[in-house]
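Okay, here's what each chain looks like letter by letter:
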Amino acid sequence: MARIRGRHAARRVATTAAGHRRRGGLRSARYRRGLGGTAVAAVVMAALTASQAPGVELAGDGGADRPGSTGDRTPGDDEYATELPPLESPHPPGASEPGGSEDTSGIPASVLAAYKKAARSLASRTPGCGLRWELLAGIGKVESGHARGGAVDKDGTTLRPILGPVLNGKGFAHIKDTDGGRWDSDTTYDRAVGPLQFIPSTWDRWGADGNGDGRKDPNNIHDAALAAGAYLCADGRDLSSSAGLDRAVLSYNNSSDYLRTVLAWFEYYRKGTHPVPDRDLPVLPTTPGLGESGGGSSPGGGRGSADPADDKPGEPNKPGKPEKPGGDGKPGNGDDGDGKPGDGDDGDGKPSPEPTGPHAIERVGAGKFTAVAGEDFAGHPVVKVETAKGKGVKGVRVRFEVRGETEAAFEGGARSATVTTDAQGNATAPALGAGDRTGSFTVRATVPGKKLGSVDFAASVTAPQADTLARTSEVALEADRGGKFAQAVEVKATRKGKAVANTTLTAAFGDDAEEAGPYFGKDEQGTPVRRLADLKTDAEGVVALPELFAGDRPGTYTLTLTAEGGATVQVKVTVKG
């Protein structure tokens, strides 16, 4: 990133002396080793006398590693953009004087669209996070000057690679190659990649597909923005609170200076911004910055654009459990907290762990359940509480609540129940009784005390359906030709041995009874009725059919009764001649 020199540093010194709230002296704790008093004085003198920030090599140029070259970086350089926004609020296009806030409030259209799209996506996936797109814009400004002024293709992929310095331990972190050079074209050491500056190992864990092309590319602004947003929301953070916001930004770079710089741009963009054409550099911020964790897909470190003052010499934050706000070293990012470059691990030679706290609650299995009134639901709602990388979290309390007009309840008539996630992060609701009332309701799962959103399961209770129909009497049904049967046909509907009340039945004779067989009276036209529909069982599950007449033709006939749900019974009736 551009070092604090030239007119930017001079302005910083001047405004600091004037007592403005703009914060100067920003130095990346992530990569610096610290400056002694003499060195600090030298930096101040350079700030007051130099005319421009020194150049930084274009991506792919090895100049940054040549001692004495203009791209040579020494310990103590500020490797993320330290330029702060103007004190005045931004104005809409055309409303400010040349060189005013309009010059800094514009964001390249493609990049702005990616920030907003990522924020919308995460609002539905992690509603408790409260991520605003302006925060992504603040980080994108500091990390790469919004992909060097929107130098991206139609799909959002940078036109030339944006690469950080070689992390070989010489002034920066020491991180050996983790991607075989796929993203950074370096098979010996890692380098930060893309507009949001993910190191390859971080991208491997946090990469995302933000534009739906089936790839995860850290050089694509859509992929990188979505991955950065997910990283900021990790560990169940609530970015709507000051503490949660600070914690998230510090997880990206555990430096109070970095925090102040990003938040300054965050607040500035919240007051107003506007899209500008991609690569319309005159209206863009002039100081690009450092890196973070984001997405990737094409070999060789991507096709992102690079520019002088754009390559940042340091690695992005390695995803780990965020440190307390105000810390001086970025965990797992090449700074051990004492200003000395580290090796990108936790001190024991192992990579920094992923965040392990609850990040989201997701449905597992079926989302709809049906049961018959008076019985228990056969299935159980199941949810999974997971980290930002989809790993289950054990021991989290999940609350299941019955919502809606229903008699359904958990054991003991309870309308809610709390269970704890198992080793895979799954929580299974207890058995749920349907009750006697038919209708629909919802079972909602939440994690109390965590803003992880909720998961709803649709449930419905249907009327009981008989699984058995049987005659209530074993007396043979016989009648003389032309007469009527002395005993009515009567059947009982049951389900699992229990009477089914108010269920519907049909009764019909087969074809052999047509014209001359048994019948149930006659209709208004005098035609014999041999089929009955909409018969209803009483409270005891019993239905008695109307009077049955023998007809004129002797023989044995079959009367079939069918209940709603498919249960049947066949009754034999005999007409004697």
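Residues numbered from 1 in each chain as written. Predicted model: local features only at pLDDT ≥ 70, side-chain atom pairs only at ≥ 80, totals over all residues. Heavy atoms only, no water.

(A) How the structure looks around the overall build of the protein chain. Helix and strand counts for the protein chain come out as nine helices and 21 strands. Counting every position in the protein chain, which comprises 577 residues, the buried fraction comes to 52%. In the protein chain, the proportion of contacts linking residues at least 24 apart, taken out of those at least 6 apart, comes to 71%. Per element, the accessible surface of the protein chain, about 24500 Å² overall, is 48% carbon and sulfur. (Helix = DSSP H or I, 4+ residues; strand = E, 2+ residues; numbered from the N terminus. Buried < 20%, exposed > 50% of the residue type's maximum accessible area, 1.4 Å probe, protein only. Contact = heavy atoms within 4.5 Å. Areas by Shrake-Rupley, 256 points an atom, 1.4 Å probe, with all protein chains shown as cover.)

(B) Focus on the sheet that holds strand 11 (residues 439-446). Taken in spatial order, the five strands make up an open sheet running 4-12-11-6-8, and their pairing is mixed. Each having just a single partner strand, strand 4 (368-372) and strand 8 (416-420) make up the two edges of the open sheet. Going across the sheet, the axis of each strand differs from the next one's by a mean of 25 degrees, ignoring polarity. Of the strand pairs in this sheet, strand 6 (residues 397-403) and strand 8 are connected by five bridges, and their pairing is antiparallel. (Pairing = 2+ DSSP bridges. Axes fitted to C-alpha atoms, helices over the stretch in contact; angles between N-to-C directions.)

(C) Representation of the state of the cysteines within the structure. Counting across every chain of the model gives one disulfide. Linked covalently through their sulfurs, Cys129 and Cys233 form a disulfide whose S-S length is 2.0 Å. Between Cys129 and Cys233 the sulfur-sulfur dihedral comes to about -80 degrees; the bridge is accordingly left-handed. Of the two residues, Cys129 is situated in the loop between helix 4 (109-125) and helix 5 (133-150) and Cys233 in helix 7 (residues 221-233); the sequence distance between them amounts to 104 residues. With respect to class, Cys129 is no different from Cys233; both count as buried. (Disulfide = S-S within 2.5 Å.)

(D) Spatial organisation of unusual backbone geometry. Although it is not a glycine, Asp235 adopts a positive phi angle of roughly 65 degrees. Looking at where Asp235 falls in the secondary structure, it is placed in the loop between helix 7 and helix 8 (242-252). We classify Asp235 as buried; its relative accessible area is 9%. Positive phi outside glycine occurs at Lys496, with the angle close to 55 degrees. Tracing the sequence through the fold places Lys496 in the loop between strand 15 (490-495) and strand 16 (498-499).

(E) Quick look at the packing of aromatic side chains. A complete count under the given rule lists 10 aromatic pairs for this structure. Considering the side-chain rings of Phe369 and Phe457, the 6.2 Å spacing of their centres and the 50 degrees angle between planes classify their relative orientation as tilted. Pair noted here: Phe369 is in strand 4 and Phe457 is in strand 12 (residues 454-462), with a separation of 88 residues, a long-range link. In this structure Phe457 comes out as buried when scored by relative accessible area, which is 1%. Here a set of aromatic residues connected by ring pairs shows up, and it is made of Trp206, Tyr231 and Tyr252. Between Arg363 and the ring centre of Phe457, over which it is positioned, the NZ or CZ distance is 5.3 Å. (Phe/Tyr/Trp six-rings, centres within 6.5 Å; stacked < 30°, edge-to-face > 60°. Lys NZ or Arg CZ within 6 Å of the ring centre and 35° of its normal.)

(F) Seen up close, the pattern of salt bridges. Inspection of the entire model under this criterion finds 13 salt bridges. Arg495 is the partner of Glu375 in a salt bridge, and the nearest nitrogen-oxygen pair spans 2.4 Å. Placement of Glu375 in the loop between strand 4 and strand 5 (382-386) and of Arg495 in strand 15 is noted, with a sequence separation of 120 residues between them. Residues Glu375 and Arg495 agree in their burial class; the two are buried. Each of Glu375, Arg495 and Lys496 takes part in a single network of salt bridges with overlapping partners. (Salt bridge = Lys/Arg side-chain N within 4 Å of Asp/Glu carboxyl O.)

(G) Main features of the packing of helix 4 against helix 5. In the contact formed by helix 4 and helix 5, the axes pass within 10 Å of each other and the chain directions differ by 150 degrees. Taken together, helix 4 and helix 5 sit at an angle that is classed as roughly antiparallel. Relative to helix 5, the crossing made by helix 4 is right-handed. Here Val111, Leu112, Tyr115, Lys116, Ala118 and Ala119 of helix 4 come into contact with helix 5, specifically with Trp133, Leu136, Ala137, Gly140, Lys141, His146, Ala147 and Gly150. (Parallel < 35°, antiparallel > 145°, perpendicular 65-115°, else oblique. Left-handed = near helix turned anticlockwise from the far one by under 90°.)

(H) Focus on helix 9 (residues 256-270). In this model, helix 9 (15 residues) spans 21 Å end to end at C-alpha, consistent with the 21 Å of a helix rising 1.5 Å per residue. Among all positions in helix 9, only Asp257, Tyr258, Leu259, Thr261, Val262, Leu263, Ala264, Trp265, Phe266, Tyr268 and Tyr269 are buried. Residue Ser255 occupies the N-cap position of helix 9, its side-chain oxygen lying 3.3 Å from the main-chain nitrogen of Asp257. Positive phi appears at Gly272, one or two residues downstream of helix 9, with a value of about 145 degrees. (Expected span 1.5 Å × (residues − 1). Polar contact = N/O pair within 3.5 Å; in protein donor to acceptor, adjacent residues only side chain to side chain.)

(I) Layout of the sheet that holds strand 18 (residues 531-536). Strand order in this open sheet of five strands is 14-21-20-17-18, and the pairing throughout is mixed. With partners counted over all chains shown, the strands left at the sheet margins are strand 14 (477-480) and strand 18, one partner each. With direction set aside, neighbouring strand axes in the sheet form an average angle of 25 degrees. Summarising the sheet, strand 14 and strand 21 (residues 568-576) pair through four bridges and their orientation is parallel. Bridged to Ala479 within strand 21 is Val575.

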